[in-house]
Amino acid sequence: MVSFADIEKAYSVLKPVVHKTPLLSSRTLNEGAGNEIYFKAENFQRIGAFKFRGAYNKIRSLTEEERRRGIIAHSSGNHAQGVALSSKLLGLSAIVVMPHNSIKNKVEATKGYGAEVIFCEDSTDDRERVCNELIQKHGYTLIHPYNDPLLIAGQGTVGLEIFQDLKELDYLFAPIGGGGLISGCAVAVKNLYPSVNVIGVETEGANDAYQSFRQKKLIKLAKVSTIADGMRTLSVGANNFEIIMKYVNDIVTIHDEDIFPMMRYFYERMKIVVEPTGAVAPAAVLKNSLNLKGKRICAIISGGNVDSQVFKKIFD
Ligand SMILES: Cc1ncc(COP(=O)(O)O)c(C=O)c1O
């Protein structure tokens, strides 16, 4: 389990290397919604997503022996970049296993930070299989994308930062893939302000956390289908699930089609580029299926690494 002290400790490790990302708002959006909405803009984080935080916190904690043997990670993109940049900053070599259909700019960025990329089939099971084979052969240390206490503590620093800038809040909306971001943020938020409602958001085509939350047991999907590539995990991690069940108030789902108007609004009205997964939590706030009125809400924009072809399609 991750404690608030773990998140504070992670923040002291991360503070010199992360960007403190801004809270953005739009008057037009607030007037239309009847709520006071803030967006925590992790698209402005190093590597363009929150994932740098957890990866750096984890890799910084490795022993000399683990560093010497090298590290390995599997990811569709943002964790890959987080691991690659963290390794570069800490002087380690990294191998990243990525699905063959990963977004091109995420693959290029991962290689650009100096990591070696190995491709696999497009399923979390295959990513794990390839990783495990390489670990057995070479003794690498796995940097898990979500199911690791130190990584969760690093992601939780997003929640910590939100409350440096906002002293009152009714709702926090966070996206869920493997559950690293929401579990870290939920620990931070519930320890600082227990009355804040923490709401997880998934897309319909990857609603494993939604189902797990409702059935109170960890559900693993056979397959997922969503434009939100950071959400294509078949299930949340066991550590993440335990924290979600303890601290998260509810999980809601949106359709892929709900993401596009949000991305478009961000670009046209707020002048920011947000990737599909990064727009999932904000899109749920815009859709307002919880019928909130007069509330102070923060939604996390978790990343901005959108493929230019996907971005073009949204405008076409
Ligand atoms: C932009 C973005 N948002 C959200 C997520 C989901 O994060 P987590 O796996 O910590 O739930 C990811 C995961 O890759 C991501 O890349």
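Just above sits the structure.
Keep in mind that what you see is a predicted model, and the values were worked out from it rather than measured. Every residue gets a number counted from 1 within its own chain, in the order that chain's sequence is written. A pLDDT threshold of at least 70 governs which residues receive local features in this predicted model, and a stricter bar of 80 or more applies before side-chain atom pairs are shown or counted, although totals over entire chains, interfaces and linings include all residues. Computation of side-chain values covers all heavy atoms of the structure but excludes hydrogens and water.

## Some remarks on the overall build of the protein chain
Rules: Counting from the N terminus, the helices are the DSSP runs of H or I reaching at least four residues and the strands are the DSSP runs of E reaching at least two. With C-alpha atoms as the basis for the radius of gyration, the globule rule is written as 2.2 Å multiplied by the number of residues raised to the power 0.38. Relative accessible area decides the class of each residue, using a 1.4 Å probe on protein chains only: under 20% of the type maximum gives buried, over 50% gives exposed, and in between gives partly exposed. We call two residues contacting when some pair of their heavy atoms lies within 4.5 Å. Accessible surface area values rest on a Shrake-Rupley calculation with a 1.4 Å probe, where residue burial reflects the displayed protein chains alone.
Along its length, the protein chain carries 14 helices and 10 strands. Scaling as 2.2 N^0.38, a compact globule of 316 residues should have a C-alpha radius of gyration of about 20 Å, and the protein chain matches this with 18 Å. Here the C-alpha coordinates of the protein chain stretch approximately 55 × 45 × 40 Å along the principal axes. With 316 residues in all, the protein chain has 60% of them scored as buried. Across the protein chain, the fraction of contacts at a sequence separation of at least 24, relative to all contacts at a separation of at least 6, is 74%. On the protein chain, roughly 12,900 Å² of surface is accessible, and the fraction owed to carbon and sulfur atoms is 48%.

## Overview of the pairing of strand 2 (residues 36–41)
Quick note on the threshold: At least two bridges found by DSSP between two strands are what make those strands a pair.
In terms of residue burial, strand 2 counts as a mostly covered element, since five of its six residues are buried. Where strand 2 and strand 10 (residues 296–301) come together, six bridges link them in parallel fashion. The residue bridging Y38 from the neighbouring strand is C298, located in strand 10.

## Notes on the environment of A55
You can see A55 is positioned in helix 3 (residues 51–60). Its relative accessible area of 0% is what places A55 among the buried residues. Spatially, the C-alpha atoms of A55 and V274 are 21 Å apart, while their sequence positions differ by 219 residues. Discounting chain neighbours no more than four positions away, the residues touching A55 are H79, G82, V83, S86 and L151.

## Section: the pattern of salt bridges
Oppositely charged side chains can form a pair if their charged atoms are brought close together. Spelled out, the test is: What counts as a salt bridge is simple: a side-chain nitrogen of Lys or Arg found within 4 Å of a carboxyl oxygen of Asp or Glu.
A complete count under the given rule lists 16 salt bridges for this structure. Across the pair K220 and D125 runs a salt bridge whose closest N-O atoms are separated by 3.1 Å. Taken together, the residues span a long stretch of sequence, with K220 in the loop between helix 10 (208–215) and helix 11 (238–247) and D125 in helix 7 (residues 124–138) at a distance of 95 residues. Classification of D125 as partly exposed rests on a relative accessible area of 40%. When the shortest N-O distance is used, the salt bridge between E133 and R129 registers 2.9 Å.

## Remarks on the environment of Y210
Turning to its location among the elements, Y210 is positioned in helix 10. Note: C-alpha distance between Y210 and N191 (19 residues apart in sequence) is 23 Å. Those residues in contact with Y210, other than ones at most four positions away along the chain, are E202, I251, V252 and T253.

## Some thoughts on the sheet that holds strand 8 (residues 197–203)
Note the following rule: As a rule, the C-alpha atoms of each element are fitted with a line to give its axis, helices using only the stretch in contact, and angles between N-to-C directions run from 0 to 180 degrees.
Read from one edge of the open sheet, six strands run 1-2-10-7-8-9, paired in mixed fashion. Here the strands that pair on one side only, and so sit at the sheet edges, are strand 1 (23–24) and strand 9 (250–254). Relative to strand 9, helix 12 (residues 256–268) is tilted by about 85°, and along the sheet it contacts strand 2, strand 8, strand 9 and strand 10.

## Comments concerning the site of the ligand
In plain terms, the rule: Here a residue is near a molecule or strand as soon as one of its heavy atoms is found within 4 Å of it. The term polar contact refers here to a pair of N or O atoms within 3.5 Å; inside protein, the definition further demands a hydrogen-donor-capable atom paired with an acceptor-capable atom, and it admits residues adjacent in sequence only when both atoms are side-chain atoms. Here the term charged refers only to Asp, Glu, Lys and Arg, the term nonpolar to Ala, Val, Leu, Ile, Met, Phe, Trp, Tyr, Cys and Pro, and the term polar to all other amino acids, Gly among them.
Around the ligand there are 15 residues in total, and N78, G177, G178, G179 and S302 lie nearest to it. The separation between an oxygen atom of the ligand and a polar main-chain atom of G179 is 2.8 Å. Calculation on the ligand without its partners gives an accessible area of 390 Å², and the protein chains cover 96% of this total. Tallied by class, the residues present in the shell around the ligand amount to four nonpolar, nine polar and two charged.

## What about the pairing of strand 10?
Summarising burial for strand 10: five of the six residues are buried, a large majority. Pairing analysis gives three bridges linking strand 7 (residues 171–175) to strand 10, with the strands arranged parallel. Bridge pairing links Y171 to I297 in strand 10.

## Here we look at helix 3
In terms of burial, helix 3 is largely enclosed, as nine of its 10 residues are buried. Here helix 3 has its buried residues at K51, F52, R53, G54, A55, Y56, N57, K58 and I59. Packed against the buried residues of helix 3 are helix 1 (4–14), helix 4 (64–69), strand 3 (71–74), helix 5 (78–90) and helix 8 (149–165).

## A word on the environment of T233
Checked against the element boundaries, T233 lands in the loop between helix 10 and helix 11. Classification of T233 as buried rests on a relative accessible area of 7%. Separated by 2.9 Å, the side chain of T233 and the backbone oxygen of G177 make a polar contact. Among the polar contacts listed, one links the side chain of T233 to the backbone nitrogen of G178, at a separation of 3.5 Å.

## What about the sheet that holds strand 4 (residues 94–99)?
Paired through backbone hydrogen bonds, the strands of a sheet run either parallel or antiparallel to each other. Spatial ordering of the open sheet is given by 5-4-3-6, a layout of four strands whose pairing is parallel. Two strands bound the open sheet, and with one partner strand each, they are strand 5 (116–120) and strand 6 (141–142). Two strands pair when backbone bridges link them, and strand 4 and strand 5 are joined in this way by five bridges, in the parallel orientation. Across the sheet, residue I95 finds its bridge partner in strand 5, namely E116. Against the sheet, helix 5 makes contact with strand 3 and strand 4, and its axis sits at roughly 160° relative to strand 3, the strand it touches most.

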